[in-house]
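Take a look at the letters that make up each chain.
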Amino acid sequence: MVRCGCVLFRKYGNFIDNLRLFIKGGSGGMGYPRLGGEGGKGGDIWVVAHKKMTLKQLKDKYPQKRFVAEGGANSRVSALKGSKGKDCEIPVPVGISVTDENGKIIGELNKEGDRILVAEGGLGGKLLTNFLPLKGQRRIIHLDLKLIADVGLVGFPNAGKSSLLSRVSHAKPAIADYAFTTLKPELGKIMYNDFKQISVADLPGLIEGAHMNKGMGHKFLKHIERTRQLLFVVDICGFQLSSQTKYRTAFETIILLTKELELYKEELQTKPALLAVNKMDLPDAQDKFHELVNQLQNPKDFLHLFEKNMIPERTMEFQHIIPISAITGEGIEELKNYIRKSLDEHANQENEAYHKKQLLNLRISNTTSYSESLSKQTVTSSRMDII
């Protein structure tokens, strides 16, 4: 059962990535003191992952966002044991993290069908409760969406991320000659000839200080956390947000992006990363590209040009550096092939590590079983000697 209440949510355009809900488990049913009957337990509340669900659909379907499970049935002469109240299921998209009002993580839903118990129903009246029912658990929960994609695009505004996404997939993001055309995350899929599909997330451009809530990009840094691989996209000619801000070369852009990721969450730097150097159709692009490659191969020789607080603890090591032009299509096929190759290599490494761990656990289990068997034989032998 869904009843009226209040809702807090954060949205960007039609994209919502956070919802605040009130939930309450069903109350237990009344007991029957004269005959010792027990009331039914109240219904529970579950959050369940569905592939085709979005937080916007959830908000539109249940605009008040107050979820209350059904109460348990009262005990009566014809049914001394009251039936349990009906559970309430809240459909949410895959990739949801559920937290309580204090920010403590209750659980995560990472695949279709995952479910989390978020509020328990109250016990029915029984002898221990003087046959009086208990109320269901009530709480505020937050649904926080983190997009799940194979590849996350990282870059400053106007680097050409949206143009690149439209080139490699069937997505149709907004594209223009000014910064901040991407106001919400966009998801696209790269389709290969053998029907292999790789999902790509295009996030709003970061700016310097994004980790300190400057600009819009910081709101979406969390979506990078669940991507398997990062794809840095930089303009070969560098970047300047406005006439009041400092011009940054392509190399400076990469260093600053790395620093922003580090300040937000250091673990992001451990993800496999590729670098797409965009706008190679512009004049002098080749000379600038060779200079950039030299700087990336010997970063320590150029870090003295930066202010100390701008230098990351560790620089990104790119598996591949691919020159491209999202406008002309130059290098796009090579980039798609490198993305797939990198993901396949990473998947193979993960599988190998998993099998090694399983083998180690099996050996430990066999060793433990052998030791226990040997110990039992020793005890039995000792008893025989005593007899």
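Residues numbered from 1 in each chain as written. Predicted model: local features only at pLDDT ≥ 70, side-chain atom pairs only at ≥ 80, totals over all residues. Heavy atoms only, no water.

(A) A look at the sheet that holds strand β15 (residues 273-278). Read across the sheet, 6 strands follow the order β12-β13-β11-β14-β15-β16 without closing on themselves; strand pairing throughout is mixed. Because the sheet does not close on itself, it has two edges, and the strands there are β12 (186-191) and β16 (321-323). In this sheet, adjacent strand axes meet at a mean angle of 25 degrees when their direction is disregarded. Strands in contact with helix α4 (residues 250-264) are β11 (151-154), β14 (229-235) and β15; relative to β14, the strand with the most contacts, it is inclined by about 145 degrees. (Pairing = 2+ DSSP bridges. Helix = DSSP H or I, 4+ residues; strand = E, 2+ residues; numbered from the N terminus. Axes fitted to C-alpha atoms, helices over the stretch in contact; angles between N-to-C directions. Contact = heavy atoms within 4.5 Å.)

(B) Molecular detail of the packing of aromatic side chains. A full pass over the atoms with the stated rule returns 5 aromatic pairs. Centre to centre, the rings of Phe-232 and Phe-318 are 5.2 Å apart; their planes meet at 75 degrees, and the pair counts as edge-to-face. With Phe-232 in strand β14 and Phe-318 in the loop between α5 (285-297) and β16, this pair connects stretches of sequence that are 86 residues apart. The two residues Phe-232 and Phe-318 agree in class, both being buried. Through successive ring pairs, a cluster of aromatic residues spans Phe-251, Phe-302 and Phe-306. The ring of Trp-46 is capped by Arg-115, whose NZ or CZ atom sits 4.6 Å from the centre of that ring. (Phe/Tyr/Trp six-rings, centres within 6.5 Å; stacked < 30°, edge-to-face > 60°. Buried < 20%, exposed > 50% of the residue type's maximum accessible area, 1.4 Å probe, protein only. Lys NZ or Arg CZ within 6 Å of the ring centre and 35° of its normal.)

(C) View of the sheet that holds strand β4 (residues 45-50). With mixed pairing, the 3 strands of this open sheet are ordered in space as β6-β4-β9. The open sheet has two edge strands, β6 (88-93) and β9 (115-119), and neither has a second partner. Direction aside, neighbouring strands of the sheet carry axes that sit 30 degrees apart on average.

(D) Representation of the pattern of salt bridges. Under the definition given, this model contains 17 salt bridges. Of the charged contacts, one joins Lys-84 and Asp-44 as a salt bridge, the two residues approaching to 3.7 Å between their closest N and O atoms. Of this pair, Lys-84 sits in the loop between β5 (66-68) and β6 while Asp-44 is found in the loop between β3 (15-24) and β4, placing the two residues 40 residues apart along the sequence. When its relative accessible area of 41% is taken as the criterion, Lys-84 is described as partly exposed. Taken together, the shared-partner salt bridges connect Lys-41, Asp-44, Lys-84 and Asp-87 into one network. (Salt bridge = Lys/Arg side-chain N within 4 Å of Asp/Glu carboxyl O.)

(E) Up close: the pairing of β6. The element β6 is extensively covered by neighbouring structure, given that 5 of its 6 residues are classed as buried. Sheet topology places β4 next to β6; 6 bridges connect them, and they run parallel. Bridge assignment links Ala-49 to a residue of β6, and that residue is Val-92.

(F) Inspection of the environment of Thr-258 at higher detail. In this fold, Thr-258 is placed in helix α4. Between the C-alpha atom of Thr-258 and that of Phe-232, which follows or precedes it by 26 residues, the distance is 9.5 Å. Setting aside chain neighbours within four positions, we find Thr-258 in contact with Phe-232, Gln-269, Pro-312, Arg-314, Thr-315 and Met-316.

(G) Focus on α5. Spanning 13 residues, α5 covers 18 Å between terminal C-alpha atoms, matching the ideal 18 Å at 1.5 Å per step. Within the sequence span of α5, burial applies to Ala-285, Phe-289, Leu-292, Val-293, Gln-295 and Leu-296. The buried residues of α5 occupy one face: seen down the axis, they fall within an arc of 160 degrees. Within α5, the exposed residues directed more than 90 degrees away from the buried face are Asp-287, His-290 and Gln-297. Of the surrounding elements, those touching the buried residues of α5 are α4, β15 and β16. (Expected span 1.5 Å × (residues − 1). Arc of directions from axis to C-beta.)

(H) Main features of the pairing of β11. Of the two faces of β11, the one holding Val-151 and Leu-153 and the one holding Gly-152 and Val-154 are both buried throughout. As defined by bridge partners, β11 adjoins strand β13 (residues 197-202) across 3 bridges and the pair is classed as parallel. Residue pairing for β13: Leu-153 is matched across the bridge by Asp-202. Pairing of β11 with β14 involves 4 bridges; the strand directions are parallel. Along β14, the bridge assignment pairs Val-154 with Phe-232.

It is worth stressing that arrangement in space is one thing and function is another; only the former is reported here.
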